[in-house]
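Single-letter residue listing:
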Amino acid sequence: MFEVAVIDDPAAAEVSLDPVRARLLAELAVPASATMLAGRVGLPRQKINYHLRALERHGLIELIEERRKGNVTERVMRATAASYVISPAVLGAVQPDPDRAPDRLSARWLLAIATRLVREVGMLITGAARAQRRVATFALDGEVRFASAERRAAFADELATAVTGLVAKYHDESAAGGRAHRVIVAVHPAIRAPQGE
């Protein structure tokens, strides 16, 4: 089971977004049969089997074991990943494109950049899984509290200067066998979880 799997097929995305199927995917983090799931989610076993077949057809769950119980074969299934991300590529021509309106201060452009990040890293994860390899990545995640809009602007300018300097220092266009890497740095207001969560 993967920690995260990327759904890049529109039909698989549609199947995963059904509320009952999404619940079954969550339940199948631990292997279970249709009979076991029926008791957990409160639906008849036949309906569970219908949804399981759809999930299996799209590679979102997999068969772990078959058990004979009298005249019945019980199929034990498991989700192929602990969690899923739907690639923006499933939206085709309407997925956000950062080249349409590059504006480094725009929240919509930031979202388009993040969309490209999800799409590209998703493609890398999918390819690496097929090749049974790992993807070389690095990420930072942190939080900073600014005293004012002026301090935020000064931080953004200093950050841009520092990152631009690092890119200039390490970028080698003529490196034989070198591989290009994308660098994304973003700053946005933090969202606070409601009290009690």
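Definitions and cut-offs
Residues numbered from 1 in each chain as written. Predicted model: local features only at pLDDT ≥ 70, side-chain atom pairs only at ≥ 80, totals over all residues. Heavy atoms only, no water. 1 Å grid on protein atoms, 1.4 Å probe; cavity = no way out; pocket = protein on both sides within 12 Å on 5 of 7 lines; lining within 4 Å. Points joined across faces, edges and corners; volume = space filled by probe spheres on them. Helix = DSSP H or I, 4+ residues; strand = E, 2+ residues; numbered from the N terminus. Nonpolar A, V, L, I, M, F, W, Y, C, P; charged D, E, K, R; others polar. Pairing = 2+ DSSP bridges. Contact = heavy atoms within 4.5 Å. Axes fitted to C-alpha atoms, helices over the stretch in contact; angles between N-to-C directions. Buried < 20%, exposed > 50% of the residue type's maximum accessible area, 1.4 Å probe, protein only. Core = buried A, V, L, I, M, F, W, Y, C linked by side-chain atoms within 4.5 Å. Arc of directions from axis to C-beta.

(A) Examining the layout of surface pockets more closely. Roughly 460 Å³ of internal volume is contained in the second largest pocket. Together, 19 residues line the second largest pocket, and Phe2, Ala5, Val6, Thr126 and Ala129 are the ones closest to its centre. Where the lining of the second largest pocket is concerned, the elements lending two or more residues are β1 (2–7) and α5 (107–131). Of the residues in the lining of the second largest pocket, the class split is eleven nonpolar, four polar and four charged.

(B) Inspection of the sheet that holds strand β2 (residues 32–33) at higher detail. The strand order across the open sheet formed by three strands is β2-β4-β3, and the pairing between neighbours is antiparallel. Every other strand in the sheet has two partners, leaving β2 and β3 (61–69) as the edge strands with one partner each. Where β3 meets strand β4 (residues 72–79), eight bridges bridge the pair, whose relative direction is antiparallel. For isoleucine 61, the partnering residue across the bridge sits in β4 and is alanine 79. Lying on the sheet, helix α4 (residues 45–57) is in contact with β3 and β4; it crosses β3 at an angle near 135°.

(C) The environment of valine 76, seen in detail. By the element assignment, valine 76 lies in strand β4. For the pair valine 76 and tyrosine 50, spaced 26 residues apart in sequence, the C-alpha separation works out to 14 Å. The contacts of valine 76, once residues within four sequence positions are left out, are Pro31, Ala32, Ser33, Glu62, Leu63, Ile64, Glu65 and Arg67.

(D) Structural context of the side chain of serine 87. Tracing the sequence through the fold places serine 87 in the loop between β5 (81–86) and α5. What makes serine 87 buried here is its relative accessible area of 3%. In contact with serine 87, other than residues within four places in its own chain, are Val6, Ile7, Asp8, Val118 and Arg119.

(E) Highlighting the nonpolar core. Ranked by size, the top nonpolar core spans 21 residues in total, and within it Leu24, Leu28, Leu37, Ile48, Leu52, Leu55 and Ile61 carry the most contacts. Counting only elements with at least two residues in this core, the list comes to α1 (10–17), α2 (19–27), α3 (34–41), α4 and β4.

(F) Examining α2 more closely. Among the residues of α2, Arg21, Leu24 and Leu25 are the ones counted as buried. Buried positions in α2, seen along its axis, are confined to an arc of 100° and lie on one side of it. Facing away from the buried side of α2 by more than 90 degrees, the exposed set consists of Pro19 and Ala26. If you follow the buried residues of α2, they end up packed against α1, α3, α4, β3, β4 and β5.

(G) A look at the environment of arginine 67. Along the chain, arginine 67 turns up in strand β3. A relative accessible area of 32% places arginine 67 in the partly exposed class. Along the backbone, arginine 67 and serine 33 are 34 residues apart, and their C-alpha atoms lie at a distance of 9.7 Å. Setting aside residues up to four positions removed in sequence, arginine 67 forms contacts with Val72, Thr73, Glu74 and Val76.

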